[in-house]
Amino acid sequence: MGLSRLHHLYMTLVREHAKSPHHFGQLEGQEAVQLNNPTCGDVISLSLEIKEKKIEDIAFCGHGCAISIASASMMTDILLGKTTDEALALATLFSDMVSGQKNDRQKDLGDAALMAGVAQFPQRIKCATLAWHALKKAIEQEEKS
Ligand code: FES
C-alpha cells in the first residue's frame, strides 16, 4: 500500500474511532484506573473485568485529543478476550511501534497498527500510549489484589 493511501486510511480510522469510540463508558462494579497525560492534562479512565487472567470485558472514558481517544478505542477492540500476558505483550509491541521500531508482529495490533505513523510526531507518542499505560497499571493492580 502506498504511503499516501496508508496515511489516508490512518486519518480516516482515527477520525472514526475518535468520533464514535468503541467500548466507551465504565464497567459496573469494576474500579477504573485513571491516568493523565502530564503534558496536556488529558485523562483516560480504563476499567477491566478480568477472570482467570482473561480480559472478559473492557471499557474506557475520559477526555483527550483525537489520537488518544482513537488509540484507546482501537486498544479496547484488540484486547477483548485476550489474556493479561497477551495484553501486556501487545502493550510492549505498541510502545515499540510508536517509538519507531519495526516488528513483523505489528499486524497483531489490528487497527492500532496504523498508529505506527505517530513515530514521526514525537509529541504525540504520549497521546497514543496513554490508554496502553493505563492498561499496564490496571493489570498490575489486578495482579496485586
Ligand atoms: Fe492530550 Fe493528546 S493532546 S492526550
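Residues numbered from 1 in each chain as written. Predicted model: local features only at pLDDT ≥ 70, side-chain atom pairs only at ≥ 80, totals over all residues. Heavy atoms only, no water.

Draft legend 1. Examining the packing of aromatic side chains more closely. In this structure the tally under the stated criterion is two aromatic pairs. For the ring pair Phe24 and Phe60, a centre distance of 5.2 Å and an interplane angle of 85° mean the geometry is edge-to-face. Placement of the pair is Phe24 in the loop between helix H1 (3-19) and strand E1 (33-36) and Phe60 in strand E3 (residues 54-63), with a sequence separation of 36 residues. Taking the relative accessible area as the measure of exposure, Phe60 reaches 0% and is therefore buried. Each ring, one from Phe94 and one from Trp132, has its centre 4.9 Å from the other, and the planes form 15°; the classification is stacked. Pair noted here: Phe94 is in helix H3 (residues 84-98) and Trp132 is in helix H4 (residues 125-144), with a separation of 38 residues, a long-range link. (Phe/Tyr/Trp six-rings, centres within 6.5 Å; stacked < 30°, edge-to-face > 60°. Helix = DSSP H or I, 4+ residues; strand = E, 2+ residues; numbered from the N terminus. Buried < 20%, exposed > 50% of the residue type's maximum accessible area, 1.4 Å probe, protein only.)

Draft legend 2. Just the side chain of Thr76, in detail. Position of Thr76 relative to the elements: it lies in helix H2 (residues 66-79). With a relative accessible area of 0%, Thr76 lands in the buried category. In contact with Thr76, other than residues within four places in its own chain, are His22, His23, Ile58 and Phe60. (Contact = heavy atoms within 4.5 Å.)

Draft legend 3. Broad picture of the pairing of E3. Relative to E3, strand E2 (residues 43-51) is paired through nine bridges, and the arrangement is antiparallel. Of the residues in E3, the one forming a bridge with Ile44 is Gly62. The antiparallel pairing of E2 with E3 creates a hairpin that spans two residues between the two strands, and Glu52 there sits at a positive phi of about 45°. (Pairing = 2+ DSSP bridges.)

Draft legend 4. Representation of the sheet that holds E3. Pairing within the open sheet is antiparallel, and its three strands lie in the order E1-E2-E3. In this open sheet, the two strands that pair with only one neighbour each are E1 and E3. Between one strand and the next, the sheet's axes are offset by a mean angle of 20°, whatever the strand orientation. Sheet strands in contact with H2 are E2 and E3, and its direction is about 170° off that of E3. (Axes fitted to C-alpha atoms, helices over the stretch in contact; angles between N-to-C directions.)

Draft legend 5. Looking closely at the packing of H3 against H4. The interhelical angle for the contact between H3 and H4, taken along N-to-C directions, is 155°, at an axis separation of 10 Å. Classified by the angle between their axes, H3 and H4 sit roughly antiparallel to one another. In this structure, H3 crosses over H4, and the sense of that crossing is left-handed. Judged by residue contacts, Thr84, Ala87, Leu88, Leu90, Ala91, Phe94, Ser95 and Val98 of H3 engage Ile125, Ala128, Thr129, Trp132, Leu135, Lys136, Ile139 and Glu143 from H4. A breakdown of the residues in the contact of H3 with H4 according to their chemical character gives eleven nonpolar, three polar and two charged. (Parallel < 35°, antiparallel > 145°, perpendicular 65-115°, else oblique. Left-handed = near helix turned anticlockwise from the far one by under 90°. Nonpolar A, V, L, I, M, F, W, Y, C, P; charged D, E, K, R; others polar.)

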